[in-house]
Every structure is written in structure tokens, then in C-alpha cells.
Amino acid sequence: MKLTMLGTGNALVTECYNTCFVLSDEYGHFLVDGGGGNTVLSQLKKAGVDLMDVHEIFVTHKHVDHIMGIVWVIRIICQNMKKGTYQGEANIYAHDEVIGLLKDMAFKLNKKETQYIGDRLHLIEVKDGEEKTILNKKVTFFDIGSTKAKQFGFQMIYDGGKVLTCCGDEPYNECEEKYAKGSDWMFHEAFCLYGQRDIFNPYEKHHSTVKDASELAENLGVKNLVLYHTEDKNIKKRKELYGAEGREYYHGNLFVPDDLDVIEM
């Protein structure tokens with residue numbers, strides 16, 4: 001399994017792309033979120049991931065910086081289904097609000113290829129605690145208990161029992177403990193450095209700092225922590241600065257990826 005970060009930034013970044021990523025192995029690719037626009041297509045190309053080979057997609061929530069790129073993904077997949085250059089079917093998983101919004105946007109904004117939606121491109125509603133088999137692995141979707149827009153994360157069991165938990169882009173909620181505790185890998189947002197909280201005001205936006213996420217991972221016994229959904233003012237030294245602050249509080253393996261970084265898992 002490998003993780004390819006297509007984007008690592010928060011909603012308003014301009015020096016990197018919005019947070020979205022791909023999990024890949026011999027069974028295929030699993031795209032999680034799409035960022036805020038058609039840059040997702042460019043990022044996939046740069047990463048060497050052919051969208052024609054992507055058949056499993058998950059959208060965490062309806063915020064613009066996560067869902068709008070998926071509209072482009074739907075458009076391109078449907079166009080290529082029509083041309084005969086996309087083989088097989090595509091599955092897009094999300095909770096009910098996101099599925100409703102994607103259907104509405106797809107049918108209003110892209111009428112030419114909507115015949116494939118519900119036929120070969122499936123918009124699949126998932127509920128809290130529901131399990132699906134994706135890339136031949138058990139994936140459990142869960143409500144993260146957001147105080148803003150309804151949002152789901154997921155847990156994936158892979159490689160004979162390793163646990164990967166994606167906590168979305170908001171601070172950890174106790175309802176996630178049964179999925180996150182003891183995870184081999186945990187993906188968590190870190191809006192900014194704790195030392196710069198007075199500059200970026202993460203708590204007002206209901207986000208975490210590097211310190212917060214790192215302390216959490218330490219307390220949960222997480223082996224590997226990936227931090228994303230950050231500000232971009234420190235982009236040139238982000239890896240160095242975030243890594244230094246995080247390692248004060250977390251003693252596992254800490255990753256602060258840049259866009260298009262690949263992490264072997």
C-alpha cells in the first residue's frame with residue numbers, strides 16, 4: 001500500500017492544493033476527496049495515477065475544498081465511459097448529504113453524460129459504522145461528530161491486519177476512539193503550529209494545531225501519523241517546522257508531506 005498526497009492544504013491555500021489523496025496497491029486506487037477544482041486532474045497526472053484506473057472514490061463532506069474536484073472527476077469518467085475509454089464501473093461513497101449534492105450538481109451542470117450515473121457510475125450512500133469492501137479490504141465509514149458540516153472518516157484494514165484511520169479535517173472526537181486507537185497509521189489535520197495559533201486562529205475555525213494532533217496520536221498509541229490540511233504561509237519550511245514541533249509531543253513516525261509526496265505504508 002502506498003499513499004500519494006495530491007494536495008495537503010486547507011480551503012484557502014494558494015501555494016499548494018487542497019487536501020486530497022490516493023491509496024494504491026495491486027488491487028487499484030482509492031481516491032479520497034477531490035480538492036476545490038479541476039486541479040485534481042493535473043495532480044493525478046503529475047502523480048502518475050491514471051483516472052481511467054480509478055474505480056473507488058470517497059468524499060468526506062460537502063465543503064467546497066473537498067467536493068468540487070469530485071464534480072470534475074465525475075465529468076471526466078462519464079465522458080470516457082461514453083467514448084469507450086473507461087472500462088468497468090466507478091463507485092463514489094459518501095454520506096447522504098454529499099450524495100444528494102453530487103447528484104444535484106451532476107444532473108444540473110453536466111447533462112450530456114448523466115446516463116451513466118446510476119448505471120455504471122454509482123453514487124453510494126454510506127451510514128455511520130457501515131462496512132464496504134474496497135480494494136479487497138474491509139473499510140468502515142464513520143461519522144466524526146463534526147460541529148460544522150456533517151463529515152465521515154474511515155478505517156481500512158489492510159496487509160493482514162494493519163489499521164489505517166482517516167479522521168477527516170476536523171479535531172478528533174471521542175466517538176472516533178474505537179477506530180483510531182492503536183492504529184498503524186492515522187491521518188489527521190493540523191491547521192498550523194501551536195506556536196502560531198494566535199496568527200492563524202485554528203480553534204475559531206474548529207481545527208487543530210501540530211501539537212494537538214501529535215499529543216493525540218501519542219495518547220492513542222498510533223504508530224505512524226500523517227499531518228495535512230495546513231496553512232500555506234510556512235510552505236517552504238512546513239516539513240521542518242511542523243516536524244520539529246510534532247516530535248516534541250509524539251514519538252512515533254511523523255510525516256508532514258508536501259503535495260505529490262508518496263509514502264510507502
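Residues numbered from 1 in each chain as written. Predicted model: local features only at pLDDT ≥ 70, side-chain atom pairs only at ≥ 80, totals over all residues. Heavy atoms only, no water.

Engineer: Can you help me understand unusual backbone geometry in this one?
Structural biologist: Note: most residues except glycine have negative phi, and most peptide bonds are trans. We note that H229 has phi near 60°; this positive angle belongs to a residue other than glycine. For H229, a relative accessible area of 2% puts it in the buried group. A positive phi angle is found at L260, which is not glycine, with a value near 75°. Examined against the element boundaries, L260 turns out to sit in the loop between β13 (253–255) and β14 (262–264). For L260, a relative accessible area of 30% corresponds to the partly exposed category. (Buried < 20%, exposed > 50% of the residue type's maximum accessible area, 1.4 Å probe, protein only. Helix = DSSP H or I, 4+ residues; strand = E, 2+ residues; numbered from the N terminus.)

Engineer: I would appreciate a short explanation of the nonpolar core in the present structure.
Structural biologist: Note on soluble globular proteins: their nonpolar side chains tend to be buried together. Residues I74, I77, I92, L102 and L121 are the most contacted members of the largest nonpolar core, which totals 35 residues. Put simply, the parts of the chain that give this core at least two residues each are β2 (20–25), α1 (39–46), β4 (54–58), α2 (64–83), β5 (90–94), α3 (96–109) and β6 (121–125). The element best represented in this core is α2, accounting for nine residues. If near-sequence neighbours (up to four positions away) are discounted, L102 is found in contact with V59, I67, I70, V71, I74, I92 and L123. Among the nonpolar cores identified, the runner-up in size contains 27 residues, and M1, L23, V126 and F141 belong to it. (Core = buried A, V, L, I, M, F, W, Y, C linked by side-chain atoms within 4.5 Å. Contact = heavy atoms within 4.5 Å.)

Engineer: Would you explain the pattern of salt bridges in this entry?
Structural biologist: Charged atoms that come close allow side chains of opposite charge to pair. As enumerated under the stated definition, the model contains twelve salt bridges in all. Put simply, K137 and D25 hold a salt bridge, and the shortest N to O gap is 2.3 Å. A residue pair is termed long-range when its members are at least 10 positions apart, and K137 in strand β8 (residues 137–143) and D25 in strand β2 qualify at 112 residues. Since its relative accessible area comes to 8%, K137 is described here as buried. Among the salt bridges present, the one from K223 reaches D184, with a minimum N-O distance of 3.7 Å. Taken as a pair, K223 in the loop between α6 (210–220) and β12 (224–228) and D184 in the loop between α4 (177–180) and β11 (185–189) lie far apart in primary sequence, 39 residues in all. (Salt bridge = Lys/Arg side-chain N within 4 Å of Asp/Glu carboxyl O.)

Remember, this is a structural readout, not a statement about activity or role.
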